[in-house]
Amino acid sequence: MALRSVSRKSVSLGLAVGQVRGLQSFSLPELPYDYGALEPVISGEIMQLHHLKHHQTYITNYNKALEQLHEALAKADSSSIVQLQSAIKFNGGGHINHSIFWKNLTPVREGGGEPPKASLGWAIDTQFGSLEVLIQRVNAEGVALQGSGWVWLALDKELKKLSVQTTANQDPLVTKGSALVPLFGIDVWEHAYYLQYKNVKADYLKNIWKVINWKYASEVYEKEIP
Amino acid sequence: MAFRPLLSRTLGLTQTLTHSHSHSHTLTQLRGLQTFSLPDLSYDYGALEPAISGEIMQLHHQKHHQAYITNYNKALEQLQDAVAKGDSSSVVKLQSAIKFNGGGHINHSIFWKNLTPVSEGGGEPPHGSLGWAIDTHFGSMEALVQKISAEGAALQGSGWVWLGLDKESKKLVVDTTTNQDPLVTKGANLVPLLGIDVWEHAYYLQYKNVRPDYLKNIWKVINWKYASQVYEKECP
């Protein structure tokens, strides 16, 4: 299934000085697998709501906030520009994070859960001791996260080091460090698991590894560390 | 249904001595450690239907609230040890768990009292002084409901939306808190009259992503009698 492109540039006509500025509007990327393809790990019901409702809402609200920003910039209305940052961070972050998340998951028959080999596998063993240790770390951080947020396997592209990070709400990983590149993120907002796992976040985290797309994580890693 | 006490005092050892022993200059203190327990709801789990499902009420009470209490008790025990050892690093580190789990216990204990079945007056608007104060501060009950619902819907992530009373200025306020922060973290003088949990666990099984529908319907089971009691205690 082809991915619709994440952004579509639409050009708006210019102003008195003849500048033509584009306003990008974003659209929901398609999943490269069916909603039910990650079962029994993540139910089709969750995948559909998560994609069509939650992610779509972030995109809708992000586009709206960017449009309002566009107007506020044109008017040099600093009060509005600054006020809009919260909506942009939250909804833009929601779009960024979920776009990554769909690529971090893949059905078992497409390699979901198959451990990373090559350089990422080696880096994990070197820096964490083993994949099992890394998994325990990620799960512990995910369980301990207070409120809504994400848990990440991050690569510091300058130090060439892996780390486990968490972010609150829809803050993207880069808010924890400008050199951090997400190899994968796990959504631990309640909407990501509640319909199936109820309050037992730990079970969701235990099971999600069966559908983690380590191939994609390796690609991202090898791009930064060729 | 009787309330189990909100907290039951279990004394670790005997009570604190206030005078040092005549043969020693060392003050011997024996401290009690309070443990908290899950308060009973004063209505059945299904009694708030169709506004809030019985499934949600049961999970919310027996799993979520209980977990906050369990973890709060554990953190307080660890705090007691750390204080006894003079281990400031641990004392400070524990504050996050205490704030989160203690806050969760505080907030949910209030929440169960903020709700009541329709048959017990749920949804009946406040009369008396609180009703008057709402009209004065917000224009009308409808305006207040709109304000709280809007703030609740707009809250990013997990948190609570509150109708609070500033007991110093005697003014009503609508405010939100993040995660399990109690209302008092927004102002030492703020007293919660009514809190609405907008964590996804509070509504997701029934309302899915549509938090505004949860906020629209919850008013049918809000216990304004209780809110009025709290208000009248602060503003007699």
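Residues numbered from 1 in each chain as written. Chains lettered and ligands numbered in written order. Predicted model: local features only at pLDDT ≥ 70, side-chain atom pairs only at ≥ 80, totals over all residues. Heavy atoms only, no water.

Peer 1: In this structure, what is going on with the sheet that holds strand S4 (residues 171-178) of chain B? I would like to understand it.
Peer 2: Strands belonging to one sheet form pairs held by backbone hydrogen bonds; the direction of such a pair is parallel or antiparallel. Residues and elements named next belong to chain B. Spatial ordering of the open sheet is given by S4-S3-S5, a layout of 3 strands whose pairing is antiparallel. Pairing within the sheet leaves two strands with one partner each, and these edge strands are S4 and strand S5 (190-197). Across the sheet, the mean angle separating the axes of adjacent strands is 25 degrees when strand polarity is ignored. Direction of pairing for strand S3 (residues 159-166) relative to S4: antiparallel, over a ladder of 8 bridges. Across the sheet, the residue bridging to Val-161 is Thr-176, located in S4. On top of the sheet, helix H4 (residues 128-138) reaches S3, S4 and S5; it is set at about 80 degrees to S4, its chief contact. (Pairing = 2+ DSSP bridges. Helix = DSSP H or I, 4+ residues; strand = E, 2+ residues; numbered from the N terminus. Axes fitted to C-alpha atoms, helices over the stretch in contact; angles between N-to-C directions. Contact = heavy atoms within 4.5 Å.)

Peer 1: Mind showing me how you'd approach the packing of helix H5 (residues 141-154) of chain B against helix H7 (residues 211-218) of chain B here?
Peer 2: In a packed pair of helices, the relevant descriptors are the angle between the two axes and the axis-to-axis distance. Residues and elements named next belong to chain B. Here H5 crosses H7 at 150 degrees, and the two axes come no closer than 9 Å. Classified by the angle between their axes, H5 and H7 sit roughly antiparallel to one another. Considering the relative orientation of H5 and H7, their crossing is right-handed. Residues Ser-149, Gly-152 and Ala-153 of H5 pack against Arg-211, Pro-212 and Leu-215 of H7. Its residues assigned to classes, the contact of H5 with H7 shows 3 nonpolar, 2 polar and 1 charged. (Parallel < 35°, antiparallel > 145°, perpendicular 65-115°, else oblique. Left-handed = near helix turned anticlockwise from the far one by under 90°. Nonpolar A, V, L, I, M, F, W, Y, C, P; charged D, E, K, R; others polar.)

Peer 1: Help me out: how do you make sense of the environment of Thr-70 of chain B in this one?
Peer 2: Of note, Thr-70 of chain B is situated in helix H1 (residues 54-85). Sequence spacing of Thr-70 of chain B and Leu-59 of chain B is 11 residues, and the spatial spacing of their C-alpha atoms is 15 Å.

Peer 1: Where do I start with the interface of chain B and chain A in this structure?
Peer 2: When the parts of a complex come together, some accessible area is lost, and that lost area is often used as the size of the interface. The interface of chain B with chain A comprises 18 residues on the first partner and 18 residues on the second. When the two sides are added together, the surface that chain B and chain A hide from each other amounts to roughly 1,800 Å², 54% of it contributed by carbon and sulfur. When the buried surface of chain B facing chain A is broken down by residue, Gln-156, Glu-200 and Tyr-204 of chain B rank first, second and third, together holding 34% of it. The interface formed by chain B and chain A holds 0 salt bridges in total. The tally of links from chain B across to chain A stands at 10 residue pairs in polar contact (both at pLDDT 80 or more). Listing elements by their share of the side of chain B that touches chain A, those giving two or more residues are H1, helix H3 (95-114) and helix H6 (204-207) of chain B. Of the residues assigned to the side of chain B that touches chain A, the class counts are 6 nonpolar, 8 polar and 4 charged. (Buried area = accessible area lost by both parts, 1.4 Å probe. Salt bridge = Lys/Arg side-chain N within 4 Å of Asp/Glu carboxyl O. Polar contact = N/O pair within 3.5 Å; in protein donor to acceptor, adjacent residues only side chain to side chain.)

Peer 1: Explain the nonpolar core to me, please; I cannot follow it from the model alone.
Peer 2: General note: in soluble globular proteins, nonpolar side chains tend to be found buried as a group. Formed by 112 residues in total, the largest nonpolar core has its most connected members in Ile-186, Tyr-204 and Trp-214 of chain A together with Tyr-214 and Trp-224 of chain B. Of all the elements, strand S3 (residues 149-156) of chain A adds the most residues to this core, at 6 residues. When near neighbours in sequence (up to four residues on either side) are disregarded, Trp-224 of chain B contacts Gly-123, Glu-124, Pro-125, Pro-126, Leu-130, Ile-134, Met-141, Leu-144, Leu-163, Leu-194 and Trp-219 of chain B. (Core = buried A, V, L, I, M, F, W, Y, C linked by side-chain atoms within 4.5 Å. Buried < 20%, exposed > 50% of the residue type's maximum accessible area, 1.4 Å probe, protein only.)

Peer 1: When you look at the packing of aromatic side chains in this model, what are you seeing that I'm missing?
Peer 2: Two measures describe an aromatic ring pair: the distance that separates the ring centres and the angle between the ring planes. Counting across every chain of the model gives 20 aromatic pairs over all chains. On the basis of an interplanar angle of 20 degrees and a centroid distance of 5.4 Å, the ring pair of Trp-150 of chain A and Trp-152 of chain A is categorised as stacked. There is no split in this pair, since Trp-150 of chain A and Trp-152 of chain A are both buried. Geometrically, the ring pair formed by Phe-111 of chain B and Trp-112 of chain B is tilted, given 5.5 Å between the ring centres and 45 degrees between the ring planes. Its relative accessible area of 2% is what places Phe-111 of chain B among the buried residues. Grouped by ring-pair contacts, the aromatic residues Phe-101, Trp-102, Trp-150 and Trp-152 of chain A constitute a single cluster. (Phe/Tyr/Trp six-rings, centres within 6.5 Å; stacked < 30°, edge-to-face > 60°.)

These results come straight from atomic positions and should not be treated as a statement about function.
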